[in-house]
Structures are given as structure tokens and as C-alpha cells.
Protein chains: 2
Amino acid sequence: MEIGSSNHEKAGVFARGWWWLKALPVKFKTMIVGLLEKIIKVGKDDPRRVIHSLKVGIALTLVSLIYYFRPLYDGFGAAGMWAILTVVVVFEFTVGATLGKGINRGIATLLAGALGLGAHQLASLCGHKGEPIILGLSTFLLAAASTFSRFFPKIKQRYDYGVVIFILTFSLVSVSGYRVDKIIEMAHQRLSTIIIGGFTCVTVSILICPVWAGEDLHNMVAQNMEKIASFLEGFGGEYFSRSPEDGDNPVTSKNQNTFLEAYKSVLNSKATEESLANFARWEPGHGHFRFRHPWKQYLQIGTLNRQCAYLIEALNGCINSKIQAPPEFRKKIQKACTDMSLECGKALKELASAITEMRQPCLADPPVENAKNAASDLKASLKTAILENSDLLAIMPAATVVSLLVEIVHCTEKIAESVHELANLAHFKKSDPTVAPEKPQLLHRGTIKPLSGDENPQVVITIPDPLAINTEIANPECVNKHY
Amino acid sequence: MEIGSSNHEKAGVFARGWWWLKALPVKFKTMIVGLLEKIIKVGKDDPRRVIHSLKVGIALTLVSLIYYFRPLYDGFGAAGMWAILTVVVVFEFTVGATLGKGINRGIATLLAGALGLGAHQLASLCGHKGEPIILGLSTFLLAAASTFSRFFPKIKQRYDYGVVIFILTFSLVSVSGYRVDKIIEMAHQRLSTIIIGGFTCVTVSILICPVWAGEDLHNMVAQNMEKIASFLEGFGGEYFSRSPEDGDNPVTSKNQNTFLEAYKSVLNSKATEESLANFARWEPGHGHFRFRHPWKQYLQIGTLNRQCAYLIEALNGCINSKIQAPPEFRKKIQKACTDMSLECGKALKELASAITEMRQPCLADPPVENAKNAASDLKASLKTAILENSDLLAIMPAATVVSLLVEIVHCTEKIAESVHELANLAHFKKSDPTVAPEKPQLLHRGTIKPLSGDENPQVVITIPDPLAINTEIANPECVNKHY
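Predicted, not measured: the structure shown is a model, and the values here were computed from it.

**Section: the overall build of chain A**
Here is step 1: A count of helices and strands for chain A gives 18 helices and 0 strands.
Here is step 2: Residue burial in chain A is summarised as follows: out of 483 residues, 54% are buried.
Here is step 3: Put simply, of all contacts in chain A between residues at least 6 apart along the chain, 83% involve residues at least 24 apart.

**A look at a nonpolar patch on the surface**
Residue and element names in this part refer to chain B.
Here is step 1: A contiguous nonpolar surface patch, about 710 Å² in accessible area, is contributed by Val-50, Ile-51, Leu-54, Ile-58, Leu-62, Leu-65, Phe-69, Leu-207 and Ile-208.
Here is step 2: A total of 6 residues in the nonpolar patch trace back to one element, the largest contributor, which is helix H2 (residues 48-68).
Here is step 3: Tracing the backbone shows Leu-207 in helix H8 (residues 183-207).

**Details of the nonpolar core**
Here is step 1: Counting residues in hydrophobic clusters, the biggest one holds 146 residues, and the most contacted among them are Met-225 of chain A together with Met-225 of chain B.
Here is step 2: For Met-225 of chain A, the residues in contact, after removing those within four places along its chain, are Ile-301, Asn-305, Leu-348, Leu-351, Ala-352, Ile-355, Ile-415 and Val-419 of chain A.
Here is step 3: Core analysis: the second largest hydrophobic core is formed by 75 residues, Leu-60 and Val-163 of chain A together with Val-164 and Ile-194 of chain B among them.

**Some details on the packing of helix H13 (residues 295-320) of chain B against helix H16 (residues 396-425) of chain B**
All names here are of chain B.
Here is step 1: H16 packs onto H13 with a crossing angle of 165° between their chain directions and a minimal axis gap of 9 Å. Judged on the interaxial angle alone, H16 and H13 are roughly antiparallel. In the crossing of H13 with H16, the sense of the turn from one axis to the other is left-handed.
Here is step 2: Across the contact of H13 with H16, the residue classes break down as 18 nonpolar, 6 polar and 3 charged.

**Regarding the domain arrangement of chain A**
Here is step 1: The domain boundaries assigned to chain A delineate domain 1 (2-39), domain 2 (51-207) and domain 3 (213-434).
Here is step 2: Each of domain 1 of chain A and domain 2 of chain A has a C-alpha centre, and these two points are 54 Å apart.

**So, the packing of aromatic side chains**
Ring pairs (aromatic) are described by centroid distance and by the angle formed between their planes.
Here is step 1: A complete count under the given rule lists 19 aromatic pairs over all chains for this structure.
Here is step 2: Both rings, one in Phe-148 of chain B and one in Phe-151 of chain B, keep their centres 6.3 Å apart while their planes meet at 65°; by these two values the pair is edge-to-face. The residues Phe-148 of chain B and Phe-151 of chain B share a single accessibility class, namely buried.
Here is step 3: Here Phe-231 of chain B and Tyr-263 of chain B contribute two aromatic rings whose centre-to-centre distance is 5.2 Å and whose plane-to-plane angle is 70°, an arrangement assigned as edge-to-face. Note that Phe-231 of chain B is positioned in helix H9 (residues 213-241) and Tyr-263 of chain B in the loop between helix H10 (250-260) and helix H11 (264-267), a separation of 32 residues in sequence. Summarising the burial analysis for this pair, Phe-231 of chain B and Tyr-263 of chain B share the class buried.
Here is step 4: An aromatic cluster of at least three residues, connected via ring pairs, comprises Phe-93 of chain A together with Phe-148, Phe-151 and Phe-152 of chain B.

**A look at the confidence of the model for chain A**
Residues and elements named next belong to chain A.
Here is step 1: Across chain A, pLDDT averages 79, with 79% of residues at or above 70.
Here is step 2: Across chain A, the secondary-structure element scoring lowest on mean pLDDT is helix H17 (residues 440-443), at 33, and the one scoring highest is helix H12 (residues 270-280), at 91.
Here is step 3: Every residue in residues 246-254 is under pLDDT 50, and counting partners more than four places away or in other chains gives 7 contacts.
Here is step 4: Taken together, the stretch residues 433-483 has pLDDT below 50 and engages in 96 contacts with residues farther than four places along the chain or on a different chain.
Here is step 5: In the predicted complex, the global pTM is 0.79; the interface-specific ipTM is 0.79.

**Quick word on the packing of helix H9 (residues 213-241) of chain A against helix H13 (residues 295-320) of chain A**
Residue and element names in this part refer to chain A.
Here is step 1: Between H9 and H13, the least distance of the axes is 10 Å, while the angle of their chain directions is 25°. Here H9 lies roughly parallel to H13, going by the angle between them. Crossing handedness for the pair H9 and H13: left-handed. Packed against H9, whose contacting residues are Gly-214, Leu-217, His-218, Val-221, Asn-224, Met-225, Ile-228, Phe-231, Leu-232, Phe-235, Glu-238 and Tyr-239, the element H13 presents Trp-295, Tyr-298, Ile-301, Asn-305, Cys-308, Ala-309, Ile-312, Leu-315, Asn-316, Cys-318 and Ile-319 at the interface.

**Quick look at the environment of Lys-331 of chain A**
Here is step 1: Among the secondary structure elements, Lys-331 of chain A is positioned in helix H14 (residues 327-357).
Here is step 2: Residues Lys-331 of chain A and Ser-241 of chain A, spaced 90 residues apart in sequence, show a C-alpha to C-alpha distance of 9.8 Å.

**As for unusual backbone geometry**
All names here are of chain A.
Here is step 1: In this structure, Cys-209 takes a positive phi of about 35° despite not being glycine.
Here is step 2: With respect to the helices and strands, the residue Cys-209 is situated in the loop between helix H8 (183-207) and H9.
Here is step 3: For Cys-209, a relative accessible area of 45% gives the class partly exposed.

**As for the pattern of salt bridges**
Side chains that differ in sign of charge can pair as their charged atoms come close.
Residue and element names in this part refer to chain B.
Here is step 1: Overall, the coordinates contain 32 salt bridges over all chains when judged by the stated rule.
Here is step 2: Where Arg-306 meets Glu-273, a salt bridge forms, and the shortest distance between an N and an O atom there is 3.2 Å. Of this pair, Arg-306 sits in helix H13 while Glu-273 sits in helix H12 (residues 270-280), and the two are 33 residues apart along the sequence.
Here is step 3: Note that Glu-369 and Lys-372 form a salt bridge whose closest N and O atoms lie 3.6 Å from each other.

**Observations regarding a positive patch on the surface**
Here is step 1: A contiguous patch of positive charge on the surface is contributed by Lys-38 of chain A together with Lys-154, Arg-281 and Lys-296 of chain B.
Here is step 2: With respect to the secondary-structure elements, Lys-296 of chain B resides in helix H13.
Here is step 3: With a relative accessible area of 63%, Lys-296 of chain B lands in the exposed category.

**Digging into the side chain of Thr-94 of chain A**
Here is step 1: Looking at the element boundaries, Thr-94 of chain A is found in the loop between helix H4 (80-90) and helix H5 (95-124).
Here is step 2: Each residue touching Thr-94 of chain A, except ones within four places of it in the same chain, is listed here: Ser-205, Val-211, Ala-213, Phe-279 and Glu-283 of chain A.

**Describing the environment of Val-368 of chain B**
Residues and elements named next belong to chain B.
Here is step 1: Along the chain, Val-368 turns up in helix H15 (residues 365-388).
Here is step 2: On the basis of relative accessibility, which here comes to 6%, the residue Val-368 falls in the buried class.
Here is step 3: Considering only alpha carbons, one finds Val-368 and Glu-417, 49 residues apart in sequence, at a separation of 11 Å.
Here is step 4: Discounting chain neighbours no more than four positions away, the residues touching Val-368 are Ala-347, Glu-413 and Ala-416.

**Describing the state of the cysteines**
Here is step 1: Under the definition given, this model contains 0 disulfides over all chains.
Here is step 2: Free of any disulfide, Cys-209 of chain A has its nearest cysteine sulfur in Cys-201 of chain A, 17 Å distant.
Here is step 3: Distance from the sulfur of Cys-308 of chain B, which forms no disulfide, to the nearest cysteine sulfur (Cys-411 of chain B) is 4.2 Å.
Here is step 4: Residue Cys-308 of chain B is classed as buried on the basis of its relative accessible area of 0%.

**Re the environment of Ile-165 of chain A**
Residue and element names in this part refer to chain A.
Here is step 1: Relative to the elements of secondary structure, Ile-165 occurs in helix H7 (residues 153-176).
Here is step 2: For the pair Ile-165 and Ala-119, spaced 46 residues apart in sequence, the C-alpha separation works out to 17 Å.
Here is step 3: Not counting the four nearest positions on each side in its chain, Ile-165 is found in contact with Arg-105, Ala-108 and Thr-109.

Definitions and limits used
Residues numbered from 1 in each chain as written. Chains lettered and ligands numbered in written order. Predicted model: local features only at pLDDT ≥ 70, side-chain atom pairs only at ≥ 80, totals over all residues. Heavy atoms only, no water. Helix = DSSP H or I, 4+ residues; strand = E, 2+ residues; numbered from the N terminus. Buried < 20%, exposed > 50% of the residue type's maximum accessible area, 1.4 Å probe, protein only. Contact = heavy atoms within 4.5 Å. Patch = residues over 30% accessible without salt bridge, like charges linked within 9 Å, V, L, I, M, F, W, Y side chains within 5 Å. Areas by Shrake-Rupley, 256 points an atom, 1.4 Å probe, with all protein chains shown as cover. Salt bridge = Lys/Arg side-chain N within 4 Å of Asp/Glu carboxyl O. Core = buried A, V, L, I, M, F, W, Y, C linked by side-chain atoms within 4.5 Å. Axes fitted to C-alpha atoms, helices over the stretch in contact; angles between N-to-C directions. Parallel < 35°, antiparallel > 145°, perpendicular 65-115°, else oblique. Left-handed = near helix turned anticlockwise from the far one by under 90°. Nonpolar A, V, L, I, M, F, W, Y, C, P; charged D, E, K, R; others polar. Domains from an automatic or database assignment. Phe/Tyr/Trp six-rings, centres within 6.5 Å; stacked < 30°, edge-to-face > 60°. pLDDT = per-residue confidence, 0-100. Lys, Arg positive; Asp, Glu negative; His and termini not counted. Charge placed at Lys NZ, Arg CZ, Asp CG, Glu CD. Disulfide = S-S within 2.5 Å.

This is how it looks when you write it as C-alpha cells:
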């Protein structure tokens with residue numbers, strides 16, 4: 001019996017093993033298909049990634065020619081290695097980052113090489129015993145001081161890579177000098193191969209489908225604005241179509257995922273925007289952007305975008321809350337609220353497309369005015385609604401929505417001002433040739449106070465009366481067209 | 001006359017030049033003093049920076065000994081350079097980052113070295129003419145494929161540096177192989193010097209005043225919670241002490257800068273927290289943290305912290321708004337609002353100190369309950385206040401404050417639940433030995449749904465009745481102590 005059962009078990013194990021083996025090709029196929037799908041997705045999300053990968057391959061193959069051609073190899077010798085090393089570490093996705101790293105590397109190598117040679121000369125005056133002590137001490141001091149300098153925000157931002165290369169080159173030159181006799185020749189070979197490597201990177205990066213950090217920043221700021229606009233345009237329909245029991249309605253949840261959730265990526269856009277702006281400052285003029293394009297102004301608009309996104313985050317909480325004001329009350333404020341949010345959305349969409357097309361955002365002023373007028377209509381409708389309503393506690397959630405919308409209107413106004421300022425700083429083209437001649441002395445009336453460089457400068461929304469109509473026109477340049 | 005005036009002008013230029021020269025030492029001194037002050041500030045802000053700089057100097061001096069001692073130099077030759085290079089690029093501020101980079105570098109070098117040797121062998125079979133073609137093609141394909149793999153978020157997060165080193169080593173080995181005869185010896189020398197460099201970094205990083213990324217993450221999450229708590233504790237006093245005309249009062253503005261602005265750094269904490277969590281996963285057990293400490297749970301708490309900070313950002317807008325509800329109305333809701341925010345602040349302070357001291361956060365439950373009770377008191381006081389008040393439109397701003405505070409109470413509750421979960425996952429010590437025995441089957445009742453890994457998972461605050469009292473106790477483990 002026992003033997004039988006053991007046989008049975010064995011057979012079971014074999015059967016399972018056999019099944020497993022038989023299933024293996026299928027599993028393997030599923031895995032490969034899954035991987036391929038992932039690869040295609042990453043490539044489709046941004047086809048420039050594929051091109052970038054090929055560009056790295058091309059640059060690397062180009063510099064490795066140094067090894068394959070005898071005349072080149074005879075000239076540089078093993079120092080050709082430094083060209084390969086430079087390409088691998090310097091080649092970045094955007095032209096700005098590549099240029100920044102390349103320039104940092106070149107200058108740092110030159111400086112540190114010269115200093116290293118100096119240290120080597122100084123040390124060799126101290127005799128055979130003193131030499132390693134002087135060299136070691138200078139390496140220690142320089143490495144410690146340079147590392148410390150990397151903690152300064154300004155150096156960290158722009159020259160971090162340069163400092164690393166500075167430490168590296170100084171240590172290598174001063175220390176190798178102790179053993180290598182032809183140190184000048186070595187330094188010369190290394191510097192020239194690094195320059196070759198850097199030059200190859202920059203050339204390939206610019207000539208083959210360049211990815212400009214500045215353009216990316218420009219588009220990102222406009223896209224973020226559009227995401228906020230999409231939420232605002234959809235908000236009215238979403239909020240007022242819901243009954244309090246609608247909370248878990250799968251249709252609305254799915255709908256929400258598409259356009260009501262896009263703004264969430266704006267909340268954490270600060271780091272990306274700042275690094276793009278940093279890279280953009282290294283870039284030469286390209287397309288419609290000249291060398292000293294006002295990249296900082298984009299950061300300011302980005303900060304205002306985020307302020308708006310924080311308000312929307314609070315507003316989104318109201319949509320999803322299960323306690324809502326009674327439908328009859330909501331109906332009374334529906335038109336004014338929907339108008340406010342719709343007009344803000346329109347204004348932001350227009351501002352975003354003005355940025356994208358690099359033209360004066362005159363068309364954005366009427367919707368901003370409309371939003372303000374809607375806010376003032378709201379005052380009237382709220383008054384009647386409150387007077388008619390008995391359960392005042394129940395309308396509180398709606399009051400929050402109204403307050404947040406009013407703040408969003410003011411935030412939209414600030415964004416419009418900031419975009420107007422960008423348009424002036426960057427000399428965006430007029431959207432209509434019939435527009436009145438420019439009046440630069442008036443243009444800065446709408447300028448907002450520059451935000452301090454701190455984290456999250458607070459946009460204090462000081463409103464004398466939030467629902468009052470302000471019929472002043474933000475930018476007189478656009479007067480002739482719409483008024 | 002003309003000559004006289006020209007002389008006069010010349011004398012003026014000389015005089016100005018003389019003044020400038022005389023002022024030079026003073027200017028120079030001011031500059032130096034300014035620089036010194038900056039250096040002292042950067043060092044004082046985090047004294048570990050000074051220690052880190054010295055550590056880099058020490059590690060670099062240690063590996064450069066390879067050059068100074070003849071027996072070592074004879075063994076490694078010029079490959080000693082790779083030890084220096086490794087130290088300069090691998091040594092990072094935290095142990096986790098250093099370990100991660102070191103391990104990445106070691107494994108990538110080994111793998112790519114082996115592959116490079118293989119490619120070299122394969123190419124040498126193709127004859128003298130075919131060799132560079134095969135080598136160039138394999139370099140191109142591998143570089144392109146590896147660069148593309150860096151766009152996968154998971155690889156980017158943990159193995160980015162490894163992939164860069166993989167490309168570098170493969171290119172160097174396969175290409176050098178074309179010229180260097182003793183390629184195996186070279187590969188061996190390089191690998192061993194890289195291991196020496198990496199080992200030196202890790203040893204110095206761990207032995208001399210180690211900076212643990214995990215500990216930093218732990219402290220950062222607790223500090224962010226404290227910053228939010230400080231705002232909430234101060235909010236009541238700040239909001240209710242202000243009259244509508246107070247807006248630009250310099251005393252309040254200054255006051256605000258100290259404790260009411262601290263929370264702003266929480267808004268953009270996502271990137272730092274995520275990179276610290278990434279580094280922390282490389283770290284071995286240290287202090288109170290074991291190897292597989294639940295670092296992901298900190299990210300979840302961090303997300304909730306940010307949710308709370310977004311609400312506070314909206315609340316802060318209400319403080320600074322010039323339109324406020326009439327003082328007599330505000331007086332009526334003052335106690336309940338102040339209590340709500342004060343108790344939330346207390347709860348968060350207690351949760352933060354529980355995290356810092358790594359103990360069960362039982363003491364945080366009573367203030368959370370108190371905050372909920374205060375919310376319910378608010379319902380009563382609001383009812384009377386609204387019934388008595390004639391100008392209903394005027395009280396709208398106060399209604400917004402109330403709604404936001406209610407949402408903050410709910411957010412605080414979620415944070416408390418998340419910290420309880422962390423305390424259980426990480427086996428924090430009981431704060432009181434008299435506490436009842438653990439009941440693990442009940443502990444997960446308070447568990448919140450894990451947030452998805454996306455950017456800003458939305459915390460949908462679904463509240464059946466926002467002002468209702470929920471007297472259930474979040475964590476039964478703490479029952480015996482406080483109820």
C-alpha cells in the first residue's frame with residue numbers, strides 16, 4: 001500500500017513536472033510578449049527616446065574610431081579611452097544638459113589639470129620624501145573644499161558636475177605625476193580626447209533630431225495650464241450633475257480618470273521645471289527661442305500653475321465628498337458657478353495656446369473678464385438662494401465650492417498677467433496685425449510682484465471684495481481688438 | 001580754456017581711479033567676509049556636510065596611497081587610476097546612495113567586462129578586417145539598447161548608474177581589446193581597483209559618522225508632520241485675533257514667517273522623500289532600523305502629509321484674505337474651530353514624536369477623538385450662529401474655513417491610521433508596559449486602502465456626515481490606556 005502511494009506520489013511529481021515543462025514555452029512567450037509591450041509603450045510615450053538611444057550609439061561608435069584607425073590611435077594612444085568615457089557620461093537627453101555637462105567637464109579638466117601640474121611641481125621641490133606628503137595633503141584639502149562647495153545651492157544647480165570632474169582630474173594629475181614622467185604629454189592627450197568626446201556629443205546631440213530643454217519647458221508649462229483648464233471646463237458639468245448618492249457611480253469615476261485627474265501631475269511639477277530651466281540656460285538660440293530667452297518667467301508661471309492646482313485639489317475634495325448641498329440650492333448657483341469655472345478654463349486654454357504659438361495672449365482677456373462678471377452674478381444669485389433656503393447648514397459645502405472658485409478666478413487673473421509679462425519679455429508676435437501700436441510705458445501696469453526664489457513663494461490673494469467686478473483691462477495692447 | 005578743462009577731466013579720472021583703488025581693500029574685505037558668512041551658514045545648517053567633505057578627502061587620500069607605495073603600484077600600475085575615479089564618483093552623502101552606486105558599479109563592471117571579452121573573442125574570429133566592424137556594431141547595439149532601458153521607471157530608479165557603467169565598461173573593454181594584448185590582465189586590474197575604490201568608499205562612509213538615508217527619511221517625515229502641526233496649533237490664534245483691517249500688519253506678517261510658513265516646504269517634499277526611500281533600501285540594518293524596514297510606508301505617510309499641506313495652503317489663503325466674516329460671528333465659532341485645529345495639531349505632534357521615538361502612537365488617539373468631538377460641537381454652535389445672523393452672505397468666508405478644517409480633521413485621522421500601520425509593520429515599542437497584550441487579528445481594522453503608486457494618489461475623503469462624531473477607536477491596542 002505504502003509503496004503504491006509513494007509511486008503514486010512520484011507519478012504525481014513527475015506529472016506536475018511534465019506539466020510545468022510543457023507550460024514553460026507558453027510562460028516564456030507571455031513574458032516576452034509582456035516585455036515587448038512595455039518596450040513599445042515606453043517608446044510610444046515619447047518617440048524621441050528611441051532616437052536618443054540611437055544617437056548615443058552613434059556618438060559612441062564615432063569616438064571608438066580613435067581605436068580602429070591607426071593614425072588616430074598612434075596620436076592619442078590609450079588616452080582614447082577618455083573620449084569614450086566622456087561620451088558615455090556627458091551625453092544627456094536634452095541639448096542643454098549635454099552642453100552644460102560638456103562645458104563643465106572641459107573647463108574643470110583644464111583648471112584642475114593646471115592646478116594639478118602646479119601641485120606636482122611644488123611637491124617635487126620638497127624632495128623624494130616630502131613629495132607624497134605634500135601631494136596627499138593637497139589632494140585631501142582640495143577634495144574636501146570642493147566637496148563642501150557642492151552644498152551651495154547655486155553651485156549645485158549649475159556646476160555640480162564640473163566640481164566632481166575638478167576633484168577627479170586634480171587627484172589623477174597630481175597623483176599620477178608622482179609615477180608618470182611624461183606628465184605634460186599625458187595631460188595634453190587627455191584634454192584633447194576629452195574635447196573630442198565632448199565635441200562629438202554636442203554635435204550629434206544638436207545635428208540629429210535635437211531635444212531642446214527650453215522647448216520642453218515651454219511646452220510643459222503650456223500643457224500644465226491646459227490640464228488645469230480641462231478640469232475647470234469639466235468641473236461645472238461634473239459637480240452639478242451629481243446627486244449626493246452618485247459617489248461611487250462607476251461611469252463618473254471612469255470619466256473622472258480621464259480629464260478630472262490630469263491636473264494632479266501639476267502638483268509635483270516643480271523639480272522637473274526647475275531642472276529644465278537650468279538646462280535651457282546652457283542652450284544657444286534655436287527655433288523661436290533666442291539665447292537669453294526669459295526662462296525664469298516660465299518658472300514663475302509654473303509656480304502660479306501649482307497654486308491653482310492646490311486650489312483645485314481642495315475643490316476636487318468637494319466633488320468627491322458625500323455631503324453636498326441640496327440639489328435645489330445647487331441649481332440656483334449652477335449657472336454662475338459653471339460660468340465662472342468655464343470662463344477660467346477658456347482663459348487658461350487660450351493662454352496655453354498663446355504660449356504654444358508664441359503670440360500675445362490678447363484673446364484670454366475677455367474670458368477673464370467674463371469669469372469676474374460671473375463671480376459678481378453669483379453674488380446676486382447667492383443672495384436670493386440664501387434668503388429662500390431654510391436649512392442654512394446644508395448649503396455650507398456649496399459655500400466652500402464658491403469660495404474656492406472665486407480664489408481660482410483670482411489665480412487665473414495672476415496667471416494671465418504673468419503670461420502677458422512673458423509675451424512682452426520674449427517679444428511674442430502680435431496675434432493680429434490690426435492691433436494698435438505698442439505702448440511700452442503702459443505695458444507694465446499689469447506686472448505682478450516677482451515671486452521670491454524660495455520654495456513655494458506664497459501668492460497672497462488679497463481681495464478687497466472677492467465678488468466685485470473689476471472692469472479694468474489687464475493689457476492695454478489688446479484694447480483695440482476687443483473693446 | 002579747452003586744455004584746462006581737459007586737464008581738469010584728467011585729474012578727475014585720476015582722482016576717481018585713486019578712490020577706486022583705495023576702496024578696493026575694503027570691497028575685497030566685504031566680499032571675503034560675505035563669503036565666509038555664507039560658508040559658515042551652509043556648514044551650520046547641517047554640520048554633517050563638513051564631516052562628509054572631510055570623509056571624501058580621507059577616502060581619496062587613502063586610495064591614492066596605491067600610487068605612493070611601490071609594492072601596490074607595481075601590482076596595479078596605472079589601473080590605480082580607477083580606484084581614484086571610483087571614489088570620486090561613487091562617494092555620496094548618504095550610506096545608501098554610496099552603497100547603491102558602489103554595488104551598481106561593481107556588478108555592472110563585472111557583467112560588462114565579461115560581455116566585452118566575449119565580444120572581443122567573437123570579433124577576433126572574423127579576421128582582421130571584420131573585427132572592427134563586429135566590435136563597432138556590437139558597441140552601437142548595446143549602447144542603444146542600454147540607453148533605452150534607462151527610460152524604464154524601475155531601472156531609472158535603482159539601476160541608472162549601473163547601466164551607465166555597463167555601457168562604459170563594455171565599450172572600453174571591447175574597443176581596447178582591439179589594441180591591448182594583455183586584455184585579461186587589464187580587466188582583472190581594473191576590476192580589482194574598482195573594488196578597492198568602492199570598498200574604501202563604503203567603509204569610510206559607514207565607519208566615520210555615517211549618514212543613513214533611512215534615518216533621514218524617518219526624521220523628514222516626522223519633521224514635516226510637525227511643521228503641519230505647528231501651523232494647526234497656531235492657526236486658531238492667528239485667524240481669530242485678526243480683524244479684517246489687519247491684513248498688512250507687520251507684526252502678524254513677521255510672526256507668520258516663523259511658524260505659519262514652515263508647512264510650505266512640505267508641498268514639494270515628494271522628490272526628496274522618494275530618493276531617500278530608494279537609497280534607504282540599499283542600507284543594511286542600523287540603529288533601530290533593520291534591513292527590511294517598511295520604507296514604503298513612510299512614502300504613504302508623506303503623501304498624506306502633502307494632502308494635508310494642500311488643504312492648509314487653501315486655509316492659509318483664507319487667513320490672508322481681506323474679506324472675513326464679521327467678528328461677532330467669528331467669535332461664535334472661535335472655540336470649536338480653535339479646538340479642532342489645536343487638537344489636530346496636538347495629534348500630529350504626538351504622531352511625529354511617536355515616529356521619532358519609534359513607539360506606538362497611542363497618545364495620539366485622544367486628540368483625534370477630541371478634534372472629532374470639536375467638529376460635532378461646531379455643528380451646534382454653527383446652527384445657533386447662523387440662526388442669529390442676518391447677513392448670511394458675510395459669513396461665507398468662515399464657512400470655507402470650517403469646511404477646510406473638517407477635511408483636515410479627516411486627513412489627520414488618515415495620517416494617524418497610517419502611522420499606526422507603520423508602528424505595527426516596523427514593530428515600534430509599546431509606549432507603556434501596562435498596555436494589554438497585542439491583538440494582531442484586530443490591528444488591521446484601521447488599515448487604510450494602500451495608495452496606488454501613481455503620482456499623487458487621490459485621497460478621496462468620503463464622509464457620511466462630516467460633523468458626525470465617530471467614537472470608534474482607531475487602534476484597539478491603545479484601549480486599555482486611555483479609555
